[in-house]
Amino acid sequence: MDALLQFIFSGMTVGAVYALVALGFTIIYNASDVVNFAQGEFVMLGGMITVFAHQAGMPLPLAAAMAVVAAAGGGVALNRLAIEPARSAPVVSLIIITIGASILIRGAARLIFDKQLHRLPSFSGDTPIRIMGATILPQSLWVMGGAVAVFIGLWLFFSRTLTGKAVLATANNRIAAQLVGINTRWIMTLSFGLSAAIGALAGVLVTPITLVSYDVGVALALKGFAAAMLGGMGNPRGALLGGILLGLLESMTAGYLSSQYKDAVAFIVILAVLFVMPQGIFGKKPVERV
Amino acid sequence: MSLLEINGLGISFGGLKAVNDVSFSVKPGEIVSVIGPNGAGKTTLFNMISGIYLPGRGSVRLNGTDVTGIAPHKLAEMGLSRTFQNLQIFQEMSVLDNVLAGFHLQERGSVIADLLSLPGMRRRAANARDEAGKLLARVRLDREQGQKAGNLSYGALKRLEIARALALNPRILLLDEPAAGCNAVETEEIDRLIAELAASGIAILLVEHDMKLVMRISNHIVVLDHGEKIAEGDPATVSRDPQVIAAYLGREETEAADADG
Amino acid sequence: MTAARGKWLQLAVLAIVIAALPLIFPSGYYYRVGALIFVNALSVVGLVILIGLAGQISLGHAGFAGIGAYACALAPAHLGLHPGLALVLGAVVSGLLALLIGRPILRLKGYYLAVATLGFGILVSMVLTNERALTGGPDGMAVEDIGLRPLLRDLGWRISGGEFWYGISGIALLIGAWMALNLLDSPTGRAMRALHGSEVAASTVGIDVARQKLRAFVISAVYASVAGSLLALQNGFVTPDIAGFMHSIEMVTMAVLGGVGSVIGAVLGAAILTLLPQVLTVFAEYEQLVLGAVMIIVMIFMPQGLLPSIMRRIRGRGE
């Protein structure tokens, strides 16, 4: 029983990170129909920039803020320099472009920073909190709290602001959105910036627990994508739920089955979901018109 | 005996009945036209008959066999062939290759033979190529056969699609607006081609907006409105039917009234 | 007629290049690089059939290369099979596996297909990494020599290992290219191109779309498997990296880089991407940076790939 609770805690923590990556995927996918395989690199950038700015003497909150802003800038640059010029390219080209971007960002990070593992001090100490025989790190609460805060923030943004509604309208029908005067180009810029910022925030929050190095992005991108697909591509609620679910499945697998194959869970889940219900939990079934 | 028998066919999209309880039949050598205002459900009906949509209700029988919900490529093997209202041409392939694709059932064989270019494969392909050449000559596209299909004019693409459909050597041919976008000369050619095909014993099911063409060549007409069959019969009967006249003419009046209100 | 002539022209060009390249090799090391290019090109030719012809994507074909490679490592060690037969066994296993997973996977389209194949590839590489007892884990395992060179020596033909594998890989590539070019201009090839253009229209002319996609998937899996086997045999060693995500990405990038519709383009793409790290060894630090930039730039400015873009430029100047 204690063990189960322990696995749930660790699963929720990782799951919250996956959820944040999945939310990033969702925002870009909705605005542009592009699946951004470089999404994991923003998480890496968030962690790495914070680490190096902090080491250079910057206070942690300032370093974190700088990392988030810098990553957002990177997201905007990615859109302007690589995605926009290839708007009408086929899916294969877009996949290669975003994977190319991910390799490029990784290579740049290796050059600018280094190849070492880095850690950040926890935000509120390292004393574990005891709950019903299990323990949880205060930093885990930061991660989960961060995911919930981002989700609520996004929900308010999409439901209460005009810009948020413009994003939704663009996601629904790009041409119709253009016709009613929405600047869809600006919406895409915004989406890439927002999604990169969310990824970077996840990186800042989780680095004290999992550490960071230049090459953590690939695995995170793939798992975040698995989470997004599990919940139903393009659905923010699905991204959150898919992320948590994937995190829980992984920690249960590691705990009860095999820690070696914990990373396989994400891909078994992807395949199972795609075979059984390709739309995911919250997705809609597309109707093909002839 | 009927070659194609439609019985109580219906389908709904999101609660809306796009086609409801439509029945009729087509005999070999007969030309049956389905007419009706835009949005009456004609193309949806075609998509159900040719296996692209799974019907929600009712049945389709081909030559006495129940083929409801059978995949399009199986129906093609059973002798059903069709064209599309909005053209489904293989744009990146040559004109000749488009027609050769229509000979797929005839020229297909073992994949090993294809990989190793065995004589059997070459013979099959050569036969198909000869016949494809004849078909292209029949629709007057033989000079364009080396061109990329995407470069052809609209009217030529319409003829190419008919040639591809004929390559299957069908027993029943579904033509979805074959004359749409064609000029008077082209329309007349298509008119003649359809009559020839019917005379050779092929059953023709036609959707067409050109009423003169429909009235001239059809043996039997089925009228759809709002997804339901409102009338059927020979051209003379249908053109006098008050419900049909209301469906075609009345619409404009109600639309005008709507606009006023 | 012209298609057939084009086929023999392409094969002749390829054969001449393979035969003539050693004339300009400054050292024996270049035989190894050449052999690597041909092996990579072989798997990329398989992807040309899948991506270029049938219009389906796979980000997991390194998984099949891994199966081919490990078949050559494991079967001789555990089953006492000759390494040459192990290559055939690997190809059969890859083909059967592709047949098995292809049905459900190929119902998917676009990103979903990409991610499902990606998941498959990663699962294969995970098994190879984790089953240490069998595969030696991340450190990899040795591969038995194919034993043909001593045979040639007995016949009085003394060639170096580099030369031997250069020849074998070159011949394998020629055979692979010949079969792909045959397929391109065959009923099956036409059916694949047709479904690439319009699945609905393809099915209404009697093409069993699912079956044709499956054929393309299985054929390309066998190509990848044979290439993986050849790589393992000539290196005498194999690690799970051969089945890794990055290898899958490299394969697709090679295919798209050269021009995904053409066999010669596949060879060109493989050559460029294989040579890139060799050229950059001095700047190893920059390898990823350059690779990423190349992928983005080519996709933006030459979406059809290098070869078609170059051909168009040449024709444009001719007019």
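Residues numbered from 1 in each chain as written. Chains lettered and ligands numbered in written order. Predicted model: local features only at pLDDT ≥ 70, side-chain atom pairs only at ≥ 80, totals over all residues.

## Quick word on the overall build of chain B
From N to C terminus, chain B includes 11 helices and 10 strands. Here chain B has a C-alpha radius of gyration of 20 Å; the compact-globule value for 261 residues is 18 Å, and the two agree. Oriented by its inertia axes, the alpha-carbon framework of chain B measures out at about 70 × 40 × 35 Å. Across the 261 residues of chain B, 45% fall into the buried class. A separation of at least 24 residues holds for 66% of the contacts in chain B among residues at least 6 apart in sequence. (Helix = DSSP H or I, 4+ residues; strand = E, 2+ residues; numbered from the N terminus. Rg over C-alpha atoms; globule rule 2.2 N^0.38 Å. Buried ≥ 20, exposed ≤ 12 C-beta atoms within 10 Å, placed from the backbone. Contact = placed C-beta atoms within 7 Å.)

## Describing the overall build of chain C
For chain C, the count of helices and strands is 15 helices and two strands. Computed over C-alpha atoms, the radius of gyration of chain C comes to 19 Å, within 12% of the 20 Å expected from 2.2 N^0.38 for 319 residues, which places it in the range of a compact globule. The principal-axis extent of the C-alpha atoms belonging to chain C is close to 55 × 45 × 45 Å. Burial analysis of chain C (319 residues in total) assigns 57% to the buried set. For chain C, contacts bridging at least 24 residues in sequence account for 78% of all contacts bridging at least 6.

## A closer look at the domain arrangement of chain B
How big an interface is tends to be stated in terms of the accessible area lost upon association of its parts. Residues and elements named next belong to chain B. Domain annotation for chain B reports domain 1 (1–79 + 171–261) and domain 2 (91–169). Distance between the C-alpha centres of domain 1 and domain 2: 28 Å. Listed per partner, the contact involves eight residues of domain 1 and seven residues of domain 2. When contributions to the side of domain 1 that touches domain 2 are tallied by element, the ones reaching two or more residues are helix H2 (72–77) and helix H8 (184–199). (Domains from an automatic or database assignment.)

## Thoughts on the environment of A:Phe192
Residue placement: A:Phe192 occurs in helix H8 (residues 184–210). Sequence separation between A:Phe192 and A:Leu241 is 49 residues; the distance between their C-alpha atoms is 22 Å.

## Regarding helix H4 (residues 83–105) of chain C
Residues and elements named next belong to chain C. An ideal rise of 1.5 Å per residue puts 33 Å on 23 residues; H4 measures up with 31 Å between its terminal C-alpha atoms. Where H4 bends most, at Leu99, the angle is about 25 degrees. Within H4 the residues assigned to the buried category are Pro83, Ala86, Leu87, Leu89, Gly90, Ala91, Ser94, Ala98, Ile101, Gly102 and Ile105. On its buried face, H4 is in contact with helix H3 (62–79), helix H5 (110–130) and helix H11 (209–235). (Expected span 1.5 Å × (residues − 1). Bend = angle between axes of the 7 residues up to and from the residue.)

## Here's the deal with the confidence of the model for chain B
Per-residue pLDDT for chain B has a mean of 89; in total, 95% of the residues score no lower than 70. The low-confidence segment residues 252–261 of chain B (pLDDT under 50) makes zero contacts with residues lying over four places distant or belonging to another chain. (pLDDT = per-residue confidence, 0-100.)

## Some words on the pairing of strand E9 (residues 220–225) of chain B
All names here are of chain B. For E9, a buried count of five out of six residues is recorded, marking the element as mostly surrounded by other parts of the structure. As paired strands, strand E3 (residues 31–35) and E9 are joined by four bridges and run parallel to one another. By the bridge assignment for E9, Val32 is matched with His220. Counted along the chain from E9 to the antiparallel partner strand E10 (residues 228–233), the turn is two residues long, and its residue His226 has a positive phi close to 50 degrees. (Pairing = 2+ DSSP bridges.)

## Concerning the interface of chain B and chain C
In this assembly, 32 residues from chain B lie in contact with 22 residues from chain C. Class assignment of the residues belonging to the side of chain B that touches chain C gives a composition of 15 nonpolar, eight polar and nine charged. (Nonpolar A, V, L, I, M, F, W, Y, C, P; charged D, E, K, R; others polar.)

## Describing the UniProt feature "transmembrane region" (unreviewed entry) in chain C
Residues and elements named next belong to chain C. With numbering aligned to this structure, UniProt lists the feature "transmembrane region" (unreviewed entry) at residues 12–31, 37–55, 85–103, 110–128, 164–184, 255–276 and 288–307. Spanning residues 37–55, this segment combines 89% helix with 0% strand, and its end C-alpha atoms are found 24 Å apart. With 100% helix and 0% strand, the stretch residues 164–184 has end C-alpha atoms that lie 30 Å from each other. (UniProt positions renumbered as here; feature names shortened; annotations may be inferred.)

## Considerations on the packing of helix H2 (residues 39–55) of chain A against helix H4 (residues 91–112) of chain A
When two helices pack together, their arrangement is given by the angle between the helix axes and by the axis-to-axis distance. Residues and elements named next belong to chain A. Between H2 and H4, the least distance of the axes is 9 Å, while the angle of their chain directions is 20 degrees. Taken together, the axes of H2 and H4 are roughly parallel relative to one another. Read as a crossing pair, H2 and H4 show a hand that is left-handed. In this structure, H2 contributes Gly40, Glu41, Met44, Leu45 and Met48 to the contact, and H4 contributes Ser102, Ile105, Arg106 and Ala109. Looking at side-chain class alone, the contact of H2 with H4 contains five nonpolar, two polar and two charged residues. (Axes fitted to C-alpha atoms, helices over the stretch in contact; angles between N-to-C directions. Parallel < 35°, antiparallel > 145°, perpendicular 65-115°, else oblique. Left-handed = near helix turned anticlockwise from the far one by under 90°.)

## A closer look at the interface of chain A and chain C
Facing 35 residues of chain A, the contacting portion of chain C comprises 33 residues. Going through the elements one at a time, H4, helix H9 (217–231) and helix H11 (264–276) of chain A are the ones with two or more residues in the side of chain A that touches chain C. Among the elements that make up the side of chain A that touches chain C, the one with the highest residue count is H4(A) (16 residues). Its residues placed into classes, the side of chain A that touches chain C shows 28 nonpolar, four polar and three charged.

## Details of the packing of H2(A) against H8(A)
All names here are of chain A. For the pair H2 and H8, interaxial distance at closest approach is 7 Å and the crossing angle is 50 degrees. Here H8 runs oblique to H2, going by the angle between their axes. Crossing geometry of H2 relative to H8 is assigned as right-handed. Every residue of H8 that contacts H2 at Gln39, Phe42, Val43, Met44, Leu45, Gly46, Gly47, Thr50 and Val51 is listed here: Ser195, Ala196, Gly199, Ala200, Leu201, Ala202, Gly203, Val204 and Thr207.

## So, the confidence of the model for chain C
Residues and elements named next belong to chain C. Looking at chain C, the pLDDT average stands at 90 and 97% of residues meet or exceed 70. Within chain C, the element-level pLDDT minimum falls on helix H15 (residues 306–318), averaging 75, and the maximum on H11, averaging 97. Interface confidence for the predicted complex, given as ipTM, is 0.88, next to a pTM of 0.90.

## Describing H11(C)
All names here are of chain C. In this model, H11 (27 residues) spans 39 Å end to end at C-alpha, consistent with the 39 Å of a helix rising 1.5 Å per residue. The element H11 is extensively covered by neighbouring structure, given that 23 of its 27 residues are classed as buried. Gly236 lies just past H11 and shows a positive phi near 70 degrees.

## A short note on the pairing of strand E1 (residues 4–13) of chain B
All names here are of chain B. Here E1 runs beside strand E2 (residues 16–26); their pairing, made up of seven bridges, is antiparallel. The residue of E2 that forms the bridge with Ser12 is Lys17. Looking at chain direction, E1 and strand E4 (residues 57–62) are connected through five bridges and run antiparallel. Its bridge partner being in E4, Gly10 is matched across the sheet by Arg57.

## A word on the environment of A:Phe25
All names here are of chain A. Locating Phe25 in the fold gives a position in helix H1 (residues 2–32). What makes Phe25 buried here is the crowd of 27 C-beta atoms within 10 Å. In this structure the C-alpha to C-alpha distance between Phe25 and Met233, which are 208 residues apart in sequence, comes to 8.6 Å.

## What about unusual backbone geometry?
Residue and element names in this part refer to chain A. Residues other than glycine seldom take positive phi values, yet Met132 does so here, at roughly 45 degrees. Take Met132: it is sitting in the loop between strand E1 (129–131) and strand E2 (134–136). Given 7 C-beta atoms within 10 Å, Met132 falls into the exposed group. Phi is positive for Leu211, which is not a glycine, with a value near 65 degrees.

## Overview of the environment of C:Ala65
All names here are of chain C. Mapped onto the elements, Ala65 comes out in helix H3. Since 34 C-beta atoms lie within 10 Å of it, Ala65 is described here as buried. Those residues within four positions of Ala65 in sequence are excluded, and the remaining contacts are Ser43, Ala224, Ser225, Ala227, Gly228, Ile242, Ala243 and His247.

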